[in-house]
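Residues per chain are reported as follows:
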Amino acid sequence: MTEEQRRSKKRKRGNRRKEAAAKNNASSSIAAPSGSANPTKSSSKSKSSFLDKMKARLSGGYFRMINEKLYTCSGDEALEYFKEDPSLFNVYHSGYQAQMSLWPEQPNDIIIKWIKDRSPSLVVADFGCGDARLARSVQNKVHSFDLVSNDPSVIACDMSNTPLASSSVDIAVFCLSLMGTNFPSYIQEANRVLKPQGWLLIAEVKSRLDPTTGGADPNDFVKAICELGFASKSKDLSNKMFILFHFQKKEKQKPRDINWPELKPCLYKRR
Ligand code: SAH
């Protein structure tokens, strides 16, 4: 190659680079909204809103993945899952709060009101307490249990095996927390720690107890808990998203074979 040919090749390369840079500049000025006083600032704004959207999408995806995991494994597997990466618990709870904000009524609020209407001397156990809002909202002594503890008042454990003494609790609460495939063992644990005449309050997602869409029959659910040794006191179907059950532990319980219905997972759709 002659000296002249080398120089002409270099010139062409340089021109191609300039053209590419000009193209890039053009596209960033197109991305900036018209009338913007500071195109650089608005393009970084649009970039950050795009990033925010992507982050929201990713965390929504993580939430749905963790949620599905919790509904399709046992409590001890779920405990191990969060032990491996406790940060997943916060991801789960941000997604959970986002879902809850779409519900017209929160079951936790109704349960809190019910407890407030009774004596503050009653001892409460909140099984699957989440952010322990119940404990913060009432004067009663509340034992709060969840798979991860982000607060010293919450005991991290699988709730089928709590450190509570037998017959030591007046009110046991499961607010949307019967997630594990071994959910009957959570209710059996509540039965162990409840005093005779103690209350068992369960709020569950309606679709899990709707036989018309593949859910369990709520009457079978009530029957199983009665077979364990409870009296059914009320079944409130008036809320759009959940059913609220009140049971009272019988003074004397007879051991029986219990036919527990299966509760289908509650999976959230991508929005
Ligand atoms: N009761 C709270 C949180 C509901 S979300 C409220 O109403 O706001 C369900 C909670 O149950 C989650 O925090 C989940 O971690 C917990 N949970 C599910 N299975 C559990 C188990 N086996 N032991 C302890 N907590 C459990």
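Residues numbered from 1 in each chain as written. Predicted model: local features only at pLDDT ≥ 70, side-chain atom pairs only at ≥ 80, totals over all residues. Heavy atoms only, no water.

As named in an unreviewed UniProt entry, the protein chain is Ribosomal RNA-processing protein 8, taken from Salvia divinorum. Here the protein chain is described in UniProt, under the heading Subcellular location (unreviewed entry), as follows: "Nucleus, Nucleolus". (UniProt positions renumbered as here; feature names shortened; annotations may be inferred.)

1. A short note on helix H5 (residues 107–116)
Listing the buried residues of H5 in full gives Pro 107, Asn 108, Ile 111, Ile 112, Trp 114 and Ile 115. One face of H5 carries all of its buried residues, which in axial projection span an arc of 160 degrees. More than 90 degrees from the buried face of H5, the exposed residues found are Lys 113 and Lys 116. Looking at the buried positions of H5, the neighbouring elements they touch are strand E1 (124–127), helix H6 (133–137), strand E4 (169–175), strand E5 (194–205) and strand E7 (242–249). (Buried < 20%, exposed > 50% of the residue type's maximum accessible area, 1.4 Å probe, protein only. Helix = DSSP H or I, 4+ residues; strand = E, 2+ residues; numbered from the N terminus. Arc of directions from axis to C-beta. Contact = heavy atoms within 4.5 Å.)

2. Re the pairing of strand E6 (residues 230–236)
Bridge analysis of E6 against E7 gives six bridges, and the strand direction is antiparallel. Residue Phe 230 lies in a different strand from E7, and its bridge partner there is Lys 249. The loop that links E6 with its antiparallel partner E7 comprises five residues. (Pairing = 2+ DSSP bridges.)

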